[in-house]
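Listed below, chain by chain, are the residues.
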Amino acid sequence: MRKITLLIILFLNLSFTNSYSNSGLYEKIDLFGEVLEKIKEDFVDDVNESEMMDSAINGVLQSLDPYSAYMSPELFKEMQTDTRGEFGGLGIEIGMEAGLVKVIAPIDDTPAAEAGIKAGDYIVKIGNDQVQGKSLMEAVKLMRGPIGTSVELTIRRKNVKKSLKFVITRKIIEIKSVNSEILGKSKNLGYIRLKSFNENSDKQFLNIVKKFEKDSKIEGYILDLRNNPGGLLTQAINITDFFLNDGEIVSTKGRKVSETRRFFAKKGDAIKGKPIIVLINNGSASASEIFAGALKDHKRAIILGENSYGKGSVQSIIPLRNGGGIRLTISKYYLPSGDSISEVGVTPDIVVEETEDNFKINSQSDNQLNYALKLFNS
């Protein structure tokens, strides 16, 4: 009964600001307590009350949006390593959509990407466990495991009738967020592949830009954000600022005054107005969309590829007293035009659908990259 009382207090705290306007609130809380007691007394099997409470808390959070979720102390400790560029698992960014686990993007050079997982895939089974009905963090926990062990993912993919099965071996994921190459017929284009926005991305990115700028032959840039699931907002702002001389980069609006902010570019374009093409696809999300959307709104770059994912919100990781935490949406972000990309995404200036075998530098099969090269060389 103590756990039920604690959970009721949680609901009261979550709903306190609306309690005076919602006359049925206390009746609902009483009903919830009654349901829990009936489960405990009459359900056919013994129930783990702790797990049941975790599921109830998850239900509250996931009723808000696809990105809010509860993390147990064990999972919270694991998740704290994600933005530091090294973590264990498959190398896959996931979200929730209509109660289903959806792949936002596989991260380059990770087991998930190498196995063939694609942005937009729906994960229906993890091993022998059906995913429908599970929380986002429960799905994450199922995919994590000892390094070197394997897990089978059953996938449903758009326009593919049969489900697909992938056996993927877990390993430590070391995210090297920036790769680069000099491309073009005359070796005059700086190609930079930005895979994520983690703590060191801006330094890596700027060092590459400075190196390219010392080469007097560089006439323009192709910036590749395909399958970049995002990351830290500060990194998106810093990297976007390299290419803008002034103007707004992004604004955020939240319930708290502290979460309502506007971010502007500082004077100075790192590449002095040279032309830019930005590559995006359905796996470009969050910070990637801030970057692409800002350059598009300022007419600083041509955006090429497919519509981006459409994740227009900012999450904060909030520690809890039990050693766990919650991932909670605290604000939404808006492009310089004032548009939100939430569930809409960034629309490319030039739509080029990707083939099955993209992301190979100089590969004839990467039609999006080849299209960008032709634009520069025409």
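Shown above is the structure to which this text applies.
None of the values given here were measured: they were computed from a predicted structure. (Residues numbered from 1 in each chain as written. Predicted model: local features only at pLDDT ≥ 70, side-chain atom pairs only at ≥ 80, totals over all residues. Heavy atoms only, no water.)

1. Some details on the overall build of the protein
Moving on, step 1. A count of helical and extended segments in the protein gives 10 helices and 19 strands.
Moving on, step 2. Contacts in the protein between residues at least 24 apart in sequence constitute 66% of all its contacts with a sequence separation of at least 6.
Moving on, step 3. When the accessible area of the protein is evaluated, it comes to approximately 19500 Å², of which 52% is carbon and sulfur surface. (Helix = DSSP H or I, 4+ residues; strand = E, 2+ residues; numbered from the N terminus. Contact = heavy atoms within 4.5 Å. Areas by Shrake-Rupley, 256 points an atom, 1.4 Å probe, with all protein chains shown as cover.)

2. Here we look at the nonpolar core
Moving on, step 1. Counting 40 residues, the largest nonpolar core has Ile192, Phe205, Leu223, Phe243, Val278 and Phe291 as the members making the most contacts within it.
Moving on, step 2. In terms of residues, this core owes the most to one element, helix H9 (residues 287–297), which gives 6 residues.
Moving on, step 3. Not counting residues within four places of it along the chain, the set of residues in contact with Phe205 comprises Val178, Ile192, Leu194, Leu223, Ile239, Phe242 and Phe243.
Moving on, step 4. Ranked by size, the runner-up nonpolar core spans 25 residues in total, among them Leu75, Phe76, Val103 and Ile168. (Core = buried A, V, L, I, M, F, W, Y, C linked by side-chain atoms within 4.5 Å. Buried < 20%, exposed > 50% of the residue type's maximum accessible area, 1.4 Å probe, protein only.)

3. Structural notes on the packing of helix H2 (residues 25–42) against helix H3 (residues 49–62)
Moving on, step 1. At a minimum axis separation of 12 Å, H2 and H3 run at an interaxial angle of 150°. Once H2 is placed against H3, the crossing between them reads as right-handed. Residues Phe32, Leu36, Ile39 and Lys40 of H2 touch H3, and the partners they reach there are Glu49, Met52, Met53 and Ala56. (Axes fitted to C-alpha atoms, helices over the stretch in contact; angles between N-to-C directions. Left-handed = near helix turned anticlockwise from the far one by under 90°.)

4. A word on a nonpolar patch on the surface
Moving on, step 1. A cluster of nonpolar side chains, namely Ile302, Tyr371 and Leu375, defines an oily patch on the protein surface of about 230 Å² accessible area.
Moving on, step 2. For Ile302, the position within the fold is in strand S16 (residues 302–305). (Patch = residues over 30% accessible without salt bridge, like charges linked within 9 Å, V, L, I, M, F, W, Y side chains within 5 Å. Salt bridge = Lys/Arg side-chain N within 4 Å of Asp/Glu carboxyl O.)

5. Brief notes about the packing of helix H8 (residues 233–241) against H9
Moving on, step 1. Relative to each other, H8 and H9 sit at 25°, their axes nearing to 9 Å. In terms of orientation, H8 lies roughly parallel with respect to H9. Remark: the crossing between H8 and H9 carries right-handed chirality. Contact with H8, carried on its side by Leu233, Ala236, Ile239 and Thr240, involves Ala287, Ile290, Phe291, Ala294 and Leu295 of H9 and no other residues of that element.
Moving on, step 2. A per-class count over the contact of H8 with H9 returns 8 nonpolar, 1 polar and no charged. (Parallel < 35°, antiparallel > 145°, perpendicular 65-115°, else oblique. Nonpolar A, V, L, I, M, F, W, Y, C, P; charged D, E, K, R; others polar.)

6. Looking at the pattern of salt bridges
Moving on, step 1. Summed over all chains, the structure comprises 12 salt bridges.
Moving on, step 2. Asp241 serves as the salt-bridge partner of Lys266, at 3.3 Å between the closest nitrogen and oxygen. With Lys266 in the loop between strand S14 (261–264) and strand S15 (276–280) and Asp241 in helix H8, the pair connects residues that are 25 residues apart, well separated along the chain.
Moving on, step 3. When salt bridges with common partners are traced through the structure, they connect Asp108, Arg193, Asp224, Arg226 and Asp366 into a single cluster.

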